[in-house]
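Residue-level structure breakdown
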Amino acid sequence: MSKKSIREIEETFKNCTGDRRHLYQLYQMDDRSGVQKLIAKYQKQDEKLADEMGRIEKMSLYEKKYRHMGYICGIDEVGRGPLAGPVVACAVILPEDCDILYLNDSKQLSAKKREELYDEIMEKAVAVGLGMTGPARIDEINILQATYEAMREAIDKLEVRPDVLLNDAVTIPNVDITQVPIIKGDAKSISIAAASIVAKVTRDRLMEEYEMVLPGYGFARNKGYGSAEHIAALKKLGPTPIHRASFIKNFV
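This text gives an overview of the structure that appears in the document. (Residues numbered from 1 in each chain as written. Predicted model: local features only at pLDDT ≥ 70, side-chain atom pairs only at ≥ 80, totals over all residues. Heavy atoms only, no water.)

For the rest of this paragraph, the subject is the nonpolar core. In this structure, V92, L94, L103 and I121 are the most contacted members of the largest nonpolar core, which totals 23 residues. Considering each element in turn, this core owes the most residues, 8 residues, to helix α8 (residues 190-213). Membership of the second largest hydrophobic core comes to 22 residues, among which are I75, I93, A127 and I138. (Core = buried A, V, L, I, M, F, W, Y, C linked by side-chain atoms within 4.5 Å. Buried < 20%, exposed > 50% of the residue type's maximum accessible area, 1.4 Å probe, protein only. Helix = DSSP H or I, 4+ residues; strand = E, 2+ residues; numbered from the N terminus.)

Below, the structure written as structure tokens:
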């Protein structure tokens, strides 16, 4: 049996980035409680990682189904419901051998996790396109049409033309690319999940910037949604240029 100290053994486990089974076998007969705790700790980590890889594998079924057609692009939007700010759409083409873990519906992730995944998506994606439709345009053509407009803009801004669009629930008018609408797609497709994360982080950052130039409404906290704080400020201070007139009729 190895005469390594428990600290040295822990370093060995830490530095092993691949399969640790040989380490478990090597140290399983070491009767020191500290070593057995290390084995239990890293086995638990490995089990969680295996579960996550299995979950991502299930979320890649649509990508695998349509891979033979060419580039697969996930589309999603954020900001259909707020009283203020734009609706933001994102289109993401992930690589075929995508190794990004923890992709999920952006609403299921913490702000910190979204930020981490945003950076990883932007680094690893084949292409990312963003589209925005502002409050005045939303008032002019309604939120659904404004959402479609933002989605078309996001597709147009991709540096690589996709062959299949995986959409979160909708079929986008006036787009001559094969579309696959998926109900709750941001929880069923890694491409749509990636789009939802980039759209969410992009819009949240924008609303935080609006807070600095339009203080008093709590935009950094409520992101333009109709929180009690936001509605109270709207009644007291009146609307700003980023408010959607068609959404705030009941408050001003």
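Turning next to the packing of helix α5 (residues 111-124) against α8. A pair of packed helices is characterised by two quantities: the angle between their axes and the separation of those axes. Packing of α5 against α8 leaves a shortest axis separation of 9 Å and a crossing angle of 115°. Our pair here, α5 against α8, has a crossing hand that is left-handed. For the pair α5 and α8, contact is made by R114, E115, L117, Y118, D119, I121 and M122 and by A194, I197, V198, K200, V201, T202, D204 and R205, respectively. In terms of residue class, the contact of α5 with α8 is built from 8 nonpolar, 1 polar and 6 charged. (Axes fitted to C-alpha atoms, helices over the stretch in contact; angles between N-to-C directions. Left-handed = near helix turned anticlockwise from the far one by under 90°. Contact = heavy atoms within 4.5 Å. Nonpolar A, V, L, I, M, F, W, Y, C, P; charged D, E, K, R; others polar.)

This paragraph deals with the layout of surface pockets. There is about 290 Å³ of room inside the largest pocket. As for the largest pocket, its lining consists of 15 residues, of which I56, E57, S60, D97 and C98 are closest to the centre. Elements supplying a minimum of two residues to the lining of the largest pocket: α3 (33-58) and α4 (61-66). With 4 residues, the top contributor of residues to the lining of the largest pocket is α3. Of the residues in the lining of the largest pocket, the class split is 7 nonpolar, 1 polar and 7 charged. (1 Å grid on protein atoms, 1.4 Å probe; cavity = no way out; pocket = protein on both sides within 12 Å on 5 of 7 lines; lining within 4 Å. Points joined across faces, edges and corners; volume = space filled by probe spheres on them.)

For the structure on display, the rule yields 22 salt bridges. A salt bridge links E140 to R137, with the shortest nitrogen-to-oxygen separation between them at 3.0 Å. Residue E140 and its partner R137 are both found in helix α6 (residues 135-141); the two are separated by 3 residues, about one turn of the helix. With a closest N to O distance of 3.7 Å, E208 and K223 form a salt bridge. Taken together, the residues E208 in helix α8 and K223 in the loop between α9 (219-222) and α10 (228-237) connect sequence positions 15 residues apart. Residue E208 is classed as partly exposed on the basis of its relative accessible area, which comes to 37%. Residue class for K223 comes out buried when judged on its relative accessible area of 13%. Each of D99, E120 and K124 takes part in one network of salt bridges that share partners. (Salt bridge = Lys/Arg side-chain N within 4 Å of Asp/Glu carboxyl O.)

Counted residue by residue, strand β1 (residues 72-78) has 7 buried out of 7 residues, so it is predominantly covered. Residues I72, G74, D76 and V78 point to one face of β1 and C73, I75 and E77 to the other, with burial holding for every one of them. Across 4 bridges, the pairing between β1 and strand β4 (residues 164-168) is parallel. Bridge assignment links I72 to a residue of β4, and that residue is V164. Pairing analysis gives 6 bridges linking β1 to strand β2 (residues 87-93), with the strands arranged antiparallel. Bridging across to β2, G74 finds its partner in V92. (Pairing = 2+ DSSP bridges.)

This part is about α8. Here α8 is 24 residues long and its end C-alpha atoms lie 35 Å apart, about the 34 Å a rise of 1.5 Å per residue gives. With respect to burial, α8 is a largely interior element, 18 of its 24 residues being buried. Measuring from the backbone nitrogen of S191 back to the side-chain oxygen at the start of α8 gives 3.2 Å, which picks out S189 as the cap. (Expected span 1.5 Å × (residues − 1). Polar contact = N/O pair within 3.5 Å; in protein donor to acceptor, adjacent residues only side chain to side chain.)

Looking now at the state of the cysteines. On inspection of all chains with the given rule, the structure shows 0 disulfides. This cysteine, C90, is not joined by any disulfide, and C73 carries the nearest cysteine sulfur, 8.0 Å off. A relative accessible area of 0% means that C90 is categorised as buried. (Disulfide = S-S within 2.5 Å.)

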